[in-house]
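Here's the letter readout for the chains.
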Amino acid sequence: MPDVTQDRVPLQLDVPMLFPTGREFVFEYEDYDQRLVHMSRRLVHEVADEMFHTGQVTDLGIDHLRPLDPTAITQWRSSLSLLSRELRTGGVDTLLWHTLTRGPRPRSSGCTRRR
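Residues numbered from 1 in each chain as written. Predicted model: local features only at pLDDT ≥ 70, side-chain atom pairs only at ≥ 80, totals over all residues. Heavy atoms only, no water.

> For this particular structure, what's the right way to read the overall build of the protein chain?
Of regular secondary structure, the protein chain possesses three helices and zero strands. For the protein chain, with 115 residues in total, the buried portion stands at 12%. The long-range share in the protein chain, meaning contacts at least 24 apart out of those at least 6 apart in sequence, stands at 38%. (Helix = DSSP H or I, 4+ residues; strand = E, 2+ residues; numbered from the N terminus. Buried < 20%, exposed > 50% of the residue type's maximum accessible area, 1.4 Å probe, protein only. Contact = heavy atoms within 4.5 Å.)

Shown next as structure tokens:
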């Protein structure tokens with residue numbers, strides 16, 4: 001159960017759970033298959049600006065109590081599967097990995113563009 005000190009939201013099997021941001025929290029679990037994914041603030045801000053035109057904001061509040069849309073859950077799982085597959089097969093130096101994680105692009109393989 002995430003945040004047993006304040007929000008007491010039960011974990012649901014096979015449903016992603018957002019943890020509270022910007023404050024400490026405590027959660028309890030028992031025999032729970034936990035897979036944590038950390039997203040950088042920079043990435044969250046970039047995506048929020050692309051989707052909702054938030055512009056520069058000091059911080060974004062993510063409502064961890066709001067029920068997740070089933071379509072969003074399916075999309076999340078698909079994205080994680082693609083990331084996992086790329087990490088296993090291509091590693092962290094591929095263009096796909098850097099595109100998916102919005103990291104810096106890998107160094108050029110030495111090819112140059114002809115003019």
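> Any chance you could explain the pattern of salt bridges here in plain terms?
A side chain of one charge can pair with a side chain of the opposite charge if their charged atoms are brought near each other. A complete count under the given rule lists two salt bridges for this structure. Between Asp 7 and Arg 23 there is a salt bridge, with its nearest N and O atoms 2.7 Å apart. Residue Asp 7 is found in the segment before α1 (41–52), and its partner Arg 23 is found in the segment before α1; the two are separated by 16 residues along the sequence. Looking at Asp 7, the relative accessible area reads 23%, which means it is partly exposed. A relative accessible area of 28% means that Arg 23 is categorised as partly exposed. (Salt bridge = Lys/Arg side-chain N within 4 Å of Asp/Glu carboxyl O.)

> How should I be thinking about the confidence of the model for the protein chain in this particular structure?
Low pLDDT marks stretches whose predicted atomic positions should not be read closely. Per-chain confidence: the protein chain averages 80 in pLDDT, with 84% of residues scoring 70 or above. Across residues 109–115 the pLDDT falls below 50, and counting only partners more than four positions away or on other chains, this stretch makes zero contacts in the model. (pLDDT = per-residue confidence, 0-100.)

> Any chance you could explain the layout of surface pockets here in plain terms?
If a probe as big as a water molecule is rolled over the atoms, it shows which places are left empty. Approximately 240 Å³ is the volume found for the second largest pocket. Taken together, the residues that form the lining of the second largest pocket break down as eleven nonpolar, two polar and one charged. (1 Å grid on protein atoms, 1.4 Å probe; cavity = no way out; pocket = protein on both sides within 12 Å on 5 of 7 lines; lining within 4 Å. Points joined across faces, edges and corners; volume = space filled by probe spheres on them. Nonpolar A, V, L, I, M, F, W, Y, C, P; charged D, E, K, R; others polar.)

> Sorry, what's going on with the packing of aromatic side chains here?
What characterises a pair of aromatic rings is the spacing of the ring centres plus the angle enclosed by the ring planes. Going through the model one piece at a time under the given rule, you end up with one aromatic pair. Summarising the aromatic geometry, the rings of Phe 19 and Phe 25 are spaced 5.0 Å apart at their centres and angled 40° between planes, so their arrangement reads as tilted. A relative accessible area of 27% means that Phe 25 is categorised as partly exposed. (Phe/Tyr/Trp six-rings, centres within 6.5 Å; stacked < 30°, edge-to-face > 60°.)

> Honestly, helix α2 (residues 70–89) in this entry has me stumped. Any pointers?
Residues that lie three or four places apart on an α-helix share one face, since the helix turns once every 3.6 residues. The end-to-end C-alpha separation of α2 is 29 Å, in line with the 28 Å expected for 20 residues at 1.5 Å each. Immediately beyond the C-terminal end of α2, within one or two residues, lies Gly 91, with a positive phi of roughly 80°. (Expected span 1.5 Å × (residues − 1).)

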